[in-house]
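# Structural overview
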Amino acid sequence: MLRNGVKLWGAGGILVALTMLAVGCGGGNDNGGGKTIALLLPENHTPRYEAADRPDFEAKVKELCSDCKILYSNATQDAAKQQNQADAALTQGADVMVVDAVDAGSAGSIVTKAKAQDVPVVSYDRLITNSDVDYYVSYDNARVGKLQGDTLIKGLKLVGHPTGPVVMTAGDPADNNAKLFKSGANAALKAGGVKIAKSYDTPGWNADKAQNEMQQAITALGNNGFYGVLAANDDLAGGDIAAMKSAGIKPSTRPTTGQDATVAGLQRILTGEQYMTVYKAAKPEAGAAAEIAVDLAKGDSVPSDLTNQRSTTGRRTSRR
Ligand code: BGC
């Protein structure tokens with residue numbers, strides 16, 4: 001059932017779909033076909049990157065530019081490796097780089113090096129902070145956190161503990177999105193009067209680390225010291241739920257949020273173990289990034305209907 005953009009998903013679970021945000025900050029100026037486009041993704045333990053972002057991006061590039069070459073690399077959650085992959089892409093003649101950064105701060109040097117060679121950079125999904133990126137394509141990430149927080153409040157009411165307390169396993173602090181998800185969730189929980197008993201920033205979006213964090217929280221709070229879990233994505237939710245199960249807590253009694261609509265997350269929703277997930281479709285996001293990248297690589301101007309907002313630096317930005 002689809003109502004107000006919220007899809008109710010079996011077993012009381014909820015899947016929420018968002019519309020995509022693209023932000024433009026400038027354009028390229030070379031001409032010609034047969035260009036080289038580099039796509040740098042951050043990790044491969046979260047299913048979306050290899051299963052959706054990469055193939056969707058590659059398909060759109062091929063559709064728009066059959067003789068464009070794609071240089072693909074996955075940094076497997078290693079920021080230094082991503083720097084090397086970016087250097088290699090420049091050496092191999094990338095005309096544009098689309099970067100989903102492992103580390104929002106240190107990836108600034110990827111942008112600096114690319115710009116020094118007049119290679120434009122599209123910041124993909126995660127913003128590379130304090131850097132002169134040409135375009136930023138993403139979802140409204142604070143809204144993702146708000147949807148998680150608001151929906152968790154509904155779940156807490158259902159289990160009879162409307163103000164929690166809850167445990168939070170937020171994402172990797174090096175990922176700017178994690179900060180946005182967390183601020184959106186914190187604001188929603190605060191507005192709902194929900195107490196957060198323990199909050200963790202989970203390095204590398206690592207499910208095993210989330211499981212350890214949840215174990216620590218259960219040890220500190222006791223099995224009945226919390227009544228819901230704000231997990232920033234489905235992988236972290238999986239770790240949290242595993243920790244609850246090994247402590248003898250029935251996950252269906254502790255509504256747990258998620259993100260990405262992974263197969264594992266959806267299966268947990270169907271069995272009642274996970275309460276919700278937020279789905280951000282990869283196809284429009286990867287497709288918009290591919291369209292911008294092809295235009296920049298060829299030196300064509302990026303169509304204005306692709307971007308419609310202004311960045312803080314006063315340049316053009318957009319919502320689709
Ligand atoms: C993405 C999420 C993803 C997480 C872990 C975030 O930046 O927006 O979709 O689950 O990174 O890779």
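Coordinates for the structure precede this section.
Residues numbered from 1 in each chain as written. Predicted model: local features only at pLDDT ≥ 70, side-chain atom pairs only at ≥ 80, totals over all residues. Heavy atoms only, no water.

Generally speaking, a soluble globular protein has its nonpolar side chains buried in company with each other. Ile37, Phe57, Val61, Val98, Val122 and Ile292 are the most contacted members of the largest nonpolar core, which totals 26 residues. Elements that contribute at least two residues to this core include exactly β5 (36-41), α1 (48-64), β7 (96-99), β8 (121-124), β9 (135-139) and α9 (282-298). For this core, the element with the most residues is α9, which contributes nine residues. What valine 122 contacts, discounting residues up to four positions off in sequence, is Val96, Met97, Val98, Val99, Tyr135, Val137, Ile292 and Leu296. Counting 24 residues, the second largest nonpolar core, distinct from the first, contains Leu147, Ala217, Met276 and Val278. (Core = buried A, V, L, I, M, F, W, Y, C linked by side-chain atoms within 4.5 Å. Buried < 20%, exposed > 50% of the residue type's maximum accessible area, 1.4 Å probe, protein only. Helix = DSSP H or I, 4+ residues; strand = E, 2+ residues; numbered from the N terminus. Contact = heavy atoms within 4.5 Å.)

Our focus in this paragraph is the sheet that holds strand β12 (residues 228-231). Two pairing modes exist for strands in a sheet, parallel and antiparallel, and in both the strands are linked by backbone hydrogen bonds. What the three strands build is an open sheet, ordered β11-β10-β12; its pairing is parallel. Here the strands that pair on one side only, and so sit at the sheet edges, are β11 (196-201) and β12. Across this sheet, the average inter-strand angle for adjacent strands is 10 degrees, counted without regard to direction. Direction of pairing for strand β10 (residues 166-170) relative to β11: parallel, over a ladder of five bridges. Looking at β11, one finds that alanine 170 is bridged to aspartate 201. Contacts between helix α6 (residues 207-221) and the sheet are confined to β10, β11 and β12, with β11 contributing the most and set at about 155 degrees to the helix. (Pairing = 2+ DSSP bridges. Axes fitted to C-alpha atoms, helices over the stretch in contact; angles between N-to-C directions.)

The next point concerns the side chain of glutamate 43. Relative to the helices and strands, glutamate 43 resides in the loop between β5 and α1. Despite being buried, glutamate 43 has no salt bridge partner; arginine 126 is the closest side chain of opposite charge, sitting 4.4 Å away. In this structure the side chain of glutamate 43 is engaged in a polar contact, spanning 2.9 Å, whose partner is the backbone nitrogen of histidine 45. Here glutamate 43 is in contact with Tyr49, Asn74, Thr76, Gln77, Arg126 and Trp205, once residues within four sequence places are set aside. (Lys, Arg positive; Asp, Glu negative; His and termini not counted. Salt bridge = Lys/Arg side-chain N within 4 Å of Asp/Glu carboxyl O. Polar contact = N/O pair within 3.5 Å; in protein donor to acceptor, adjacent residues only side chain to side chain.)

Attention now moves to helix α2 (residues 79-91). Between its first and last C-alpha, α2 extends 19 Å over 13 residues, near the 18 Å set by a 1.5 Å rise per residue. Packed against the buried residues of α2 are β5, β6 (69-74), β7 and α3 (108-116). Looking at where α2 begins, the residue whose side-chain oxygen comes 3.0 Å from the main-chain nitrogen of alanine 80 is aspartate 78. Positive backbone phi, at 85 degrees, marks glycine 93, one or two positions downstream of α2. (Expected span 1.5 Å × (residues − 1).)

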